[in-house]
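Spelled out, the chains give:
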Amino acid sequence: MLALSAEGTLPKVDYAIFADTGWEPKAVYDHLDRLEQEIAGPAGIPIFRVSSGNIRNDALDPDHRFASMPLHILNKDGRAGMTRRQCTGEYKIKPIKKKVRELLGYPYPARIPKGVFVEQWVGISTDEFHRAKDADVKYMRNRHPLITDMNWSRSDCIRYLASRGLADTPKSSCLGCPFHGNAQWRHIRDESPEEWQDVVEFDSAIRKGNARANASGNQLLGQAFLHRSRVPLSDAPIDHVTAAEWAARQRELGDGETPDTDEAEQGVADGCSPWACRGDAEQGPVQGDFGLAS
């Protein structure tokens, strides 16, 4: 959407906002720098980088309130579950809304007058039109240009990015997102050894839940893992390449619209969107405040 706006295919936007969890892959930060220098800057579109903190550091800090990640849980009785996902709201939606209010001239807790709002573009393509929803506050009105203006699927977006020299656009999500599929875990391990070591260490450190919960006596009743197999990430079965991955590779080369059918391989999220986290549909039983799975 930023490139389409910068080139004039879509109307020029006033601002772009990137919500930084503090734990994105280096490739994402490098790509954001490139977008700013080569696309947004020359078009006169400011990119604001907003943040509520570093999600990795916060999870391991006993003195910091932590918005729970959707960790895979193995309960003491052998049942599987997940911790409640609060990270999107805390580290994505909250800082974006805060910045929007500032841009409108009504920072929290000021009351925003009736009729004052921003039009917010959300990058949902036709493949996921069912995720195109209205904003939950009156001062933000959602618009979905990839659907309403372009009628583009994900494959259309990939072809366009390739034509603009942006075929290497990385997926935006936390390095240690539990919604990663095996293909994403392998990519980190094989392409970025330092980041792989980082997520392996975090996986080990989070085994008994976040540090604040443990310090307050609200310990996890079971064990937490980043990988859906619920074994340590260093030992997780991430090397099996499924038919779904081969199909996805062919699709990205422009050979068709083959869907990803294997979430264990591809993960539930192509990226982490503040307004359309694909993990919502997959989460299933959750543990509130690190209690037993319901």
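Residues numbered from 1 in each chain as written. Predicted model: local features only at pLDDT ≥ 70, side-chain atom pairs only at ≥ 80, totals over all residues. Heavy atoms only, no water.

(A) Representation of the nonpolar core within the structure. Of all hydrophobic cores here, the largest spans 28 residues; its most connected members are Trp23, Ile55, Met69, Trp185, Trp196 and Leu233. Put simply, the parts of the chain that give this core at least two residues each are α3 (55-59), α4 (87-104), α7 (182-191) and α8 (193-205). The element contributing the most residues to this core is α8, with four residues. The contacts of Ile55, once residues within four sequence positions are left out, are Thr21, Trp23, Phe66, Met69, Cys87, Tyr91 and Cys174. (Core = buried A, V, L, I, M, F, W, Y, C linked by side-chain atoms within 4.5 Å. Buried < 20%, exposed > 50% of the residue type's maximum accessible area, 1.4 Å probe, protein only. Helix = DSSP H or I, 4+ residues; strand = E, 2+ residues; numbered from the N terminus. Contact = heavy atoms within 4.5 Å.)

(B) Here's a closer look at a nonpolar patch on the surface. Nonpolar side chains collect at one region of the surface, where Tyr15, Ile17 and Leu103 lie side by side and expose about 240 Å² of accessible area between them. Secondary-structure assignment places Leu103 in helix α4. On the basis of relative accessibility, which here comes to 33%, the residue Leu103 falls in the partly exposed class. (Patch = residues over 30% accessible without salt bridge, like charges linked within 9 Å, V, L, I, M, F, W, Y side chains within 5 Å. Areas by Shrake-Rupley, 256 points an atom, 1.4 Å probe, with all protein chains shown as cover. Salt bridge = Lys/Arg side-chain N within 4 Å of Asp/Glu carboxyl O.)

(C) Inspection of the confidence of the model for the protein chain at higher detail. This prediction gives the protein chain a mean pLDDT of 87; 83% of its residues lie at or above 70. Considering only residues more than four positions removed or in separate chains, one finds that residues 255-261, a stretch of pLDDT under 50, has 17 contacts. Here residues 281-294 scores under 50 on pLDDT; set against residues more than four positions off or in separate chains, the count is 46 contacts. (pLDDT = per-residue confidence, 0-100.)

(D) Looking closely at the pattern of salt bridges. Taken as a whole and judged by the stated rule, the model has 20 salt bridges. Among the salt bridges present, the one from Arg143 reaches Asp149, with a minimum N-O distance of 2.7 Å. The class of Asp149 is partly exposed, set by a relative accessible area of 36%. Asp239 is the partner of Arg189 in a salt bridge, and the nearest nitrogen-oxygen pair spans 2.6 Å.

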